[in-house]
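# A structural walkthrough
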2 protein chains.
Amino acid sequence: MYLSKFYLPLMKETPAEAQIASHRFMLRAGMVRQESAGIYSWLPLGHRVLKKIEQIVREEQDRAGAVEMLMPTIQSADLWKESERYDAYGKEMLRITDRHGREMLYGPTNEEMITAIFRSGVRSYKELPKMLYHIQWKFRDEVRPRFGVMRGREFLMKDTYSFDLTADAARQSYYKMFIAYLRTFARMGLRSIPMKAETGPIGGDLSHEFIVLAETGESEVFCHRDLLRKTMPPANVDFDGNLESYVNEHTSLYAATEEMHDKEAFEKIPEEARVSARGIEVGHIFFFGTKYSKAMKANVLGAEGKEVPVEMGSYGIGVSRLTGALIEAYHDEQGCKWPVPVAPFHVGLLNLKVGDEKIDAACAGIYRQLEAAGVEVLYDDTRARPGEKFARMDLIGLPWQITIGPRGLGNGLAEVKNRHTGQKQELPLQEAVGFVTRQVKDALKVV
Amino acid sequence: MYLSKFYLPLMKETPAEAQIASHRFMLRAGMVRQESAGIYSWLPLGHRVLKKIEQIVREEQDRAGAVEMLMPTIQSADLWKESERYDAYGKEMLRITDRHGREMLYGPTNEEMITAIFRSGVRSYKELPKMLYHIQWKFRDEVRPRFGVMRGREFLMKDTYSFDLTADAARQSYYKMFIAYLRTFARMGLRSIPMKAETGPIGGDLSHEFIVLAETGESEVFCHRDLLRKTMPPANVDFDGNLESYVNEHTSLYAATEEMHDKEAFEKIPEEARVSARGIEVGHIFFFGTKYSKAMKANVLGAEGKEVPVEMGSYGIGVSRLTGALIEAYHDEQGCKWPVPVAPFHVGLLNLKVGDEKIDAACAGIYRQLEAAGVEVLYDDTRARPGEKFARMDLIGLPWQITIGPRGLGNGLAEVKNRHTGQKQELPLQEAVGFVTRQVKDALKVV
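Calculation criteria
Residues numbered from 1 in each chain as written. Chains lettered and ligands numbered in written order. Predicted model: local features only at pLDDT ≥ 70, side-chain atom pairs only at ≥ 80, totals over all residues. Heavy atoms only, no water. Salt bridge = Lys/Arg side-chain N within 4 Å of Asp/Glu carboxyl O. Helix = DSSP H or I, 4+ residues; strand = E, 2+ residues; numbered from the N terminus. Buried < 20%, exposed > 50% of the residue type's maximum accessible area, 1.4 Å probe, protein only. Pairing = 2+ DSSP bridges. Axes fitted to C-alpha atoms, helices over the stretch in contact; angles between N-to-C directions. Contact = heavy atoms within 4.5 Å. Least-squares fit on C-alpha atoms with pLDDT ≥ 70 in both. Lys, Arg positive; Asp, Glu negative; His and termini not counted. Polar contact = N/O pair within 3.5 Å; in protein donor to acceptor, adjacent residues only side chain to side chain. Right-handed = clockwise from strand over helix to strand, strands pointing away. Parallel < 35°, antiparallel > 145°, perpendicular 65-115°, else oblique. Left-handed = near helix turned anticlockwise from the far one by under 90°. Buried area = accessible area lost by both parts, 1.4 Å probe. 1 Å grid on protein atoms, 1.4 Å probe; cavity = no way out; pocket = protein on both sides within 12 Å on 5 of 7 lines; lining within 4 Å. Points joined across faces, edges and corners; volume = space filled by probe spheres on them. Nonpolar A, V, L, I, M, F, W, Y, C, P; charged D, E, K, R; others polar. Domains from an automatic or database assignment. Patch = residues over 30% accessible without salt bridge, like charges linked within 9 Å, V, L, I, M, F, W, Y side chains within 5 Å. Areas by Shrake-Rupley, 256 points an atom, 1.4 Å probe, with all protein chains shown as cover. Charge placed at Lys NZ, Arg CZ, Asp CG, Glu CD.

## Quick look at the pattern of salt bridges
All names here are of chain A. In the structure shown here, the tally under the stated rule is 64 salt bridges over all chains. Between Glu103 and Lys81 there is a salt bridge; the shortest N-O distance is 2.6 Å. Placement of Glu103 in strand β6 (residues 103–106) and of Lys81 in helix α3 (residues 77–82) is noted, with a sequence separation of 22 residues between them. Judged by relative accessible area, Glu103 falls into the partly exposed class, the value being 38%. One salt bridge connects Glu111 with Arg85, and the closest N-O pair in it is separated by 3.0 Å.

Following this line, the structure appears as structure tokens:
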């Protein structure tokens, strides 16, 4: 992408309302624009990150055997009266009346609708298990939206729903999602720690939050230091096999959010292994059994010919929120530092003297070669001063920068900068292309 | 995908409310489920088609130089008061009051918001032209939603907006979209005919509807027969070059919708070249000049240092509606007949004797080989009777079927069926895999 054809409206001033790094940088780097309180447009740079996150989420859902679909944003209130959550949900639900006076709402979540879909389509235990997900915009009318996309009103969420005949089978579905979540966040470069969670108004008895540690995290969390060294389950996990060992590995050590914190148990951990830190919730999984299936009569015929309510779970990932969480985890004073798998582009190409025939030709050549190799390049072909170009690239935080200027090119050299380490090196043009291509490809490998 | 793990709730009865083929088949084939009047869930099969359509739309927008972003579904009423469309839009606009009593609405289109985004981010003519698009759910509170996804209330639309300094430059942007649209529909297997259109409440002076001919089309259209033989512009069109010849080729012959029909002009065409048919609108492009930029003060500094309102156009494609249009164009009594580029899966694999070791092994092998070659397979591994399997595959309409049964496999043969022509042939297993793979790959080539 040539920057001159892109749309990247940067902000010079730090917006006063932005209290945390991700909010600040998303506004300054032209990733999002606030349209109303807690409602954002995703400008081209931010949209690219959102799509990358969404795609990783999708791939790991598919791998675990969940099937994608899409439910609408606008729902009928009737469904929510069946589950008795219509009144319980309170003011956070955006309630709407259509032209015929029917009560509608903008879905804050989809347990009711998916249960209705399931009960109309599945009759027999033989069709189980089923696991369905969608990635759709939700709305929660927060009284005080803040922290940019971290606590917005309109937000993108992936929600999965599992349907099983027995609680034991449901546990297997729960484990599948547990593993998919560990892989999803790790592939984005995030270390997530599953923490036992309260089930809250959604009900149920088995629930974990997936927490990413970051200094600016919204809440205090506590865990055993060894959890920071765990690796993600491999891509070839047999999802129909015994998954307990993977789950145990990530749950046998102490880990708790503030609400679930057990001071006594925590203090039994050797002092040097105690971690007390700030965390951001990026995912949440629940097993809630027959809460909705009973209320909404979602039954299947069991092996003995008797109708039984289906056992359900729901599993959410905050897709738009992850954009913010990633910046909280990866930034410095100058701006974002995107991990390659979620970077809006892999490489920033800086032409320090636009209009100079040789430099223009060298840049155009590098651009073509990288793009042909499947490396995504944002080429700064504008007439801005070098200082402005450097600052801009650091702000938007593409993982690699290749700079072509008159001095280096005279010796056939390009400067290659790693945005994460800050390390710079001069390399012959072809070597620079080869080196950066290999680095990007390596970082994109799915293991 | 193994059918046993998929979610495909077919309907035996034809739903009474479904008057047209696409509505009927989308319900019967388990592609969508109506949640409220004019509001649908996209079940896994339908969702796959929707995603394929969306991706073709996206690729052709990107090719033409439009840049993707995403605006939210919920907008503030204030913007619409600036353009004076808030009152003008009437009851089709879904109006919402949030918990703080602010007037909001579910966006039926995005001219206002994109104009606000543009005016806050672009100052100088040097940054022009700009072309931005998004693919987002819209809502129009139709008084009587009908024909399934063809005239729903919540619908998926791709809308592009162009910004130029002069009307001449804007014409180039208009032509880019004109060509992108021809390519987009042709890649899906649809012959679209651009027809001069009224600009309606959106304003402006240059506008075309893109119409697909189908017996069940919503309106009457008239055109010269030679338009049915035009080919789409090639993938390597130079979008910055002179595009007029491509546009002229598709606009110099008579073509008009009912509203714009000129009987006299039509009758000047030789009788054998007159086509009068039913059509479905799948796209609509407008140049409306400074209508919104003047009302909303979206100015840029021109070369002489004077502020001038930017020249704008907007360009829509009904993404969810196309799903229906494709079925209207491609179906028979038995069900859908998907063109390969938009098929939910490329191949249906039918195992006629699940549980038979040899047949199971042959099917599993074929499945693995096709998937490894990048061919998408829906494998019917259920214990349904052969007749039910055949009917099901014909209904969902995957372009190719490979059937493995005891009789054929005894001779090492698979039956390969082309869903479009109905033609069947018996081929040795490996040949069947190779033949179908080549057919699918050929159909997916982008030229």
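## Let's talk about the sheet that holds strand β21 (residues 400–404) of chain B
Residues and elements named next belong to chain B. Read across the sheet, five strands follow the order β20-β19-β21-β22-β23 without closing on themselves; strand pairing throughout is mixed. Edge positions in the sheet fall to β20 (377–380) and β23 (424–428), since each of these pairs with one other strand and no more. Mean inter-strand twist for the sheet, computed between neighbouring axes without regard to direction, equals 25 degrees. As paired strands, strand β19 (residues 347–351) and β20 are joined by four bridges and run parallel to one another. From the neighbouring strand, Leu350 faces β20, where its bridge partner is Asp380. Of the strands in this sheet, β19, β20 and β21 are in contact with helix α10 (residues 357–372), which crosses β19 at around 170 degrees. Packed on one face of the sheet, helix α13 (residues 429–444) meets β19, β21, β22 (413–418) and β23 and runs near 125 degrees to β23.

## Quick word on the relation of the copies chain A and chain B
Rotating chain A by 180 degrees and translating it 0.0 Å along the rotation axis places it on chain B, where the RMSD comes to 0.0 Å. Both copies of the chain, as the preceding transformation shows, are related through a two-fold rotation axis. For chain A, the smallest separation between a C-alpha atom and the rotation axis is recorded for A:Ile96, amounting to 2.9 Å. With an isologous cut-off of 70% or more, the 100% of interface residues of chain A that recur at the interface of chain B puts this contact in the isologous class.

## Some points on the side chain of B:Asp381
Residue and element names in this part refer to chain B. Inspection of the secondary structure puts Asp381 in the loop between β20 and α11 (386–396). For the buried Asp381, no salt bridge exists, and the shortest N-O distance to an oppositely charged side chain is 6.9 Å, to Lys389. A distance of 3.4 Å separates a polar side-chain atom of Asp381 from the backbone nitrogen of Leu3. Within the structure, Asp381 has its side chain in polar contact with the side chain of Ser4 (distance 2.7 Å). Beyond its immediate stretch of four places on either side in the chain, Asp381 contacts Tyr2, Leu3, Ser4, Val354 and Lys389.

## Describing the pairing of strand β19 (residues 347–351) of chain A
Remember that side chains alternate between the two faces of the sheet whenever the strand is regular. Summarising burial for β19(A): five of the five residues are buried, a large majority. With helix α10 (residues 357–372) of chain A bridging β19(A) and its parallel neighbour strand β20 (residues 377–380) of chain A, the resulting β-α-β unit is right-handed.

## Description of the packing of helix α2 (residues 44–63) of chain B against helix α9 (residues 319–329) of chain B
Residue and element names in this part refer to chain B. It is the contact of α2 with α9, at a shortest axis distance of 9 Å, that shows an interaxial angle of 110 degrees. For the element pair α2 / α9, the angle class is roughly perpendicular. Between α2 and α9 the crossing geometry is right-handed. Contacts between α2 and α9 involve Val49, Leu50, Ile53 and Glu54 from the first element and Val319, Ser320, Leu322, Thr323 and Leu326 from the second.

## Points about the interface of chain A and chain B
Every contact between the two is made by 60 residues of chain A and, on the other side, 60 residues of chain B. Taken together, both faces of the contact between chain A and chain B bury some 4,700 Å²; the carbon and sulfur share is 57%. If you sort the residues of chain A by the area they bury against chain B, A:Tyr7, A:Leu70 and A:Arg99 come out on top, with a joint share of 16%. For the pair chain A and chain B, the interface holds four salt bridges. Residue B:Arg153 pairs with A:Asp98 through a salt bridge whose shortest N-O separation is 2.9 Å. Summed over the shared surface of chain A and chain B, the result is 26 residue pairs in polar contact (both at pLDDT 80 or more).

## Here's the deal with empty space enclosed by the protein
What the rule picks out here adds up to four cavities of 30 Å³ or more. There is about 260 Å³ of room inside the largest cavity. At the level of secondary structure, the elements contributing two or more residues to the lining of the largest cavity comprise α2 (44–63) and β7 (130–139) of chain A together with α2 and β7 (130–139) of chain B. Of the residues that constitute the lining of the largest cavity, the class distribution is ten nonpolar, four polar and eight charged.

## Concerning the domain arrangement of chain A
Residues and elements named next belong to chain A. As assigned here, chain A comprises domain 1 (3–336) and domain 2 (345–444). Between the C-alpha centres of domain 1 and domain 2 there is a distance of 37 Å. Across the contact, 16 residues belong to domain 1 and 15 residues belong to domain 2. For the domain 1 face of the interface with domain 2, the top three residues by lost area are Leu3, Arg48 and Cys336, together amounting to 37%. The tally of links from domain 1 across to domain 2 stands at three salt bridges. Residue Arg419 is joined to Asp332 by a salt bridge in which the shortest nitrogen-to-oxygen separation is 2.9 Å. At the boundary of domain 1 with domain 2, the tally comes to nine residue pairs in polar contact (both at pLDDT 80 or more).

## Here we look at helix α1 (residues 21–28) of chain B
Residue and element names in this part refer to chain B. Burial analysis of α1 places seven of its eight residues in the buried class, the great majority of the element. All buried positions along α1 are accounted for by Ala21, Ser22, His23, Phe25, Met26, Leu27 and Arg28. In this fold, the buried residues of α1 make contact with β1 (32–36), β2 (39–42), α9, β17 (331–332), β18 (335–336) and α11.

## Notes on the sheet that holds β6(A)
Residues and elements named next belong to chain A. With antiparallel pairing, the three strands of this open sheet are ordered in space as β4-β6-β5. Lying at the two open borders of the sheet, with one neighbouring strand each, are β4 (74–76) and β5 (94–97). Within this sheet the neighbouring strands show an average axis-to-axis angle of 35 degrees, counted without direction. Looking at chain direction, β4 and β6 are connected through three bridges and run antiparallel. Bridge pairing links Ile74 to Tyr106 in β6.

## As for the pairing of β2(B)
Because side chains alternate across β2(B), one face comprises the buried residues B:Ile39 and B:Ser41, and the other comprises B:Tyr40 and B:Trp42, equally buried. In sequence, β1(B) turns back onto β2(B) through a hairpin of two residues, with B:Gly38 there showing a positive phi of about 70 degrees.

## Focus on the environment of B:Arg28
Residues and elements named next belong to chain B. Turning to its location among the elements, Arg28 is positioned in helix α1. Take Arg28: its relative accessible area is 19%, and that puts it in the buried class. Each C-alpha atom, one on Arg28 and one on Met393, is 12 Å from the other, the two residues being 365 residues apart in sequence. Apart from residues lying up to four places away in sequence, Arg28 is in contact with Leu10, Met11, Lys12, Glu13, Thr14, Pro15 and Leu395.

## A few points about the side chain of A:Arg321
All names here are of chain A. Within the secondary structure, Arg321 sits in helix α9 (residues 319–329). A distance of 2.8 Å separates a polar atom in the side chain of Arg321 from the backbone oxygen of Met150. In terms of polar contacts, Arg321 uses its side chain to reach the backbone carbonyl oxygen of Glu281, at 2.7 Å. Residues within four places of Arg321 in sequence aside, it is in contact with Val149, Met150, Glu218, Ile280 and Glu281.

## Regarding helix α1 (residues 21–28) of chain A
Tucked into the core, α1(A) has its buried residues touching β1 (32–36), β2 (39–42), α9, β17 (331–332), β18 (335–336) and α11 (386–396) of chain A. Of the residues trailing α1(A), A:Gly30 is marked for its positive phi of about 65 degrees.

## Description of a negative patch on the surface
All names here are of chain A. Side chains of Asp262, Glu264, Glu267, Glu271 and Glu272 sit close together on the surface and give a patch of like negative charge. With respect to the helices, strands and loops of the structure, Asp262 is situated in the loop between β12 (255–257) and α7 (263–267). With a relative accessible area of 37%, Asp262 lands in the partly exposed category.

## Quick word on the packing of α10(A) against helix α13 (residues 429–444) of chain A
All names here are of chain A. At a closest axis distance of 11 Å, the pairing of α10 and α13 adopts a crossing angle of 30 degrees. As judged from the angle between their axes, α10 and α13 are roughly parallel. Considering only the axes of α10 and α13, their crossing is right-handed. Contacts between α10 and α13 pair Ala362, Ile366, Gln369 and Leu370 from the former with Leu429, Gln430, Val433 and Thr437 from the latter. Among the residues forming the contact of α10 with α13, the class breakdown is five nonpolar, three polar and no charged.

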